[in-house]
Amino acid sequence: MNEELIHSLLIATALVLIIEGIMPFLNPTMFKRTLLQTVSMSDRQVRLIGLISMFTGLIFLYWIN
């Protein structure tokens, strides 16, 4: 792997951590409630949400590039 790719992956990882930390920082009560609701969902529903999230990210990545 070249250094530019590793650098880009590290930046992407840092951005994911920052974005995922926003909700628990701003509203921890809602974050806990959301996690509890997620636990009560079926595996199929969680997979569908994951698929939609990945597809949306892929479209967004394609659009910005």
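Anything mentioned here points back to the structure above.
The notes below deal with the structure included here. (Residues numbered from 1 in each chain as written. Predicted model: local features only at pLDDT ≥ 70, side-chain atom pairs only at ≥ 80, totals over all residues. Heavy atoms only, no water.)

**Some thoughts on the overall build of the protein chain**
Moving on, step 1. What the protein chain contains, in helices and strands, is three helices and zero strands.
Moving on, step 2. Listing the helices and strands of the protein chain from first to last along the sequence gives α-α-α.
Moving on, step 3. Taken over the C-alpha atoms alone, the protein chain extends approximately 45 × 25 × 20 Å along its principal axes.
Moving on, step 4. The proportion of buried residues among the 65 residues of the protein chain is 0%.
Moving on, step 5. Summed over its atoms, the accessible surface of the protein chain is roughly 6400 Å², and 71% of this surface lies on carbon and sulfur atoms.
Moving on, step 6. Distance between charge centres in the protein chain, computed from 4 positive and 4 negative side chains, equals 23 Å. (Helix = DSSP H or I, 4+ residues; strand = E, 2+ residues; numbered from the N terminus. Buried < 20%, exposed > 50% of the residue type's maximum accessible area, 1.4 Å probe, protein only. Areas by Shrake-Rupley, 256 points an atom, 1.4 Å probe, with all protein chains shown as cover. Lys, Arg positive; Asp, Glu negative; His and termini not counted. Charge placed at Lys NZ, Arg CZ, Asp CG, Glu CD.)

**Some details on the packing of aromatic side chains**
Moving on, step 1. Here the structure, examined in full by the defined rule, presents one aromatic pair.
Moving on, step 2. Both rings, one in Phe60 and one in Trp63, keep their centres 5.9 Å apart while their planes meet at 35 degrees; by these two values the pair is tilted. Here Phe60 pairs with Trp63, and both are found in helix H3 (residues 43-64), just three residues apart, close to one helical turn.
Moving on, step 3. The exposure class assigned to Trp63 is exposed, which follows from its relative accessible area of 67%. (Phe/Tyr/Trp six-rings, centres within 6.5 Å; stacked < 30°, edge-to-face > 60°.)

**Here we look at the environment of Arg47**
Moving on, step 1. Within the secondary structure layout, Arg47 lies in helix H3.
Moving on, step 2. Placed 12 residues apart in sequence, Arg47 and Leu35 show a C-alpha to C-alpha distance of 15 Å.

**Re a nonpolar patch on the surface**
Moving on, step 1. There is a patch of nonpolar side chains on the surface, built from Ile11, Leu15, Ile18, Ile19, Ile22, Phe25 and Leu26 and spanning about 770 Å² of accessible area.
Moving on, step 2. Structurally, Ile18 can be placed in helix H1 (residues 3-26).
Moving on, step 3. On the accessibility criterion, Ile18 (54% relative accessible area) is exposed. (Patch = residues over 30% accessible without salt bridge, like charges linked within 9 Å, V, L, I, M, F, W, Y side chains within 5 Å. Salt bridge = Lys/Arg side-chain N within 4 Å of Asp/Glu carboxyl O.)

**A closer look at the packing of H1 against helix H2 (residues 28-39)**
Moving on, step 1. Closest axis-to-axis distance for the H1/H2 pair is 5 Å, and the angle between their directions is 110 degrees. Regarding the angle of H1 to H2, the classification is roughly perpendicular. Mapping the contact onto sequence places Met23, Pro24, Phe25 and Leu26 in H1 and Pro28, Met30, Phe31 and Thr34 in H2.
Moving on, step 2. Considering only residue class, the contact of H1 with H2 consists of seven nonpolar, one polar and no charged. (Axes fitted to C-alpha atoms, helices over the stretch in contact; angles between N-to-C directions. Parallel < 35°, antiparallel > 145°, perpendicular 65-115°, else oblique. Contact = heavy atoms within 4.5 Å. Nonpolar A, V, L, I, M, F, W, Y, C, P; charged D, E, K, R; others polar.)

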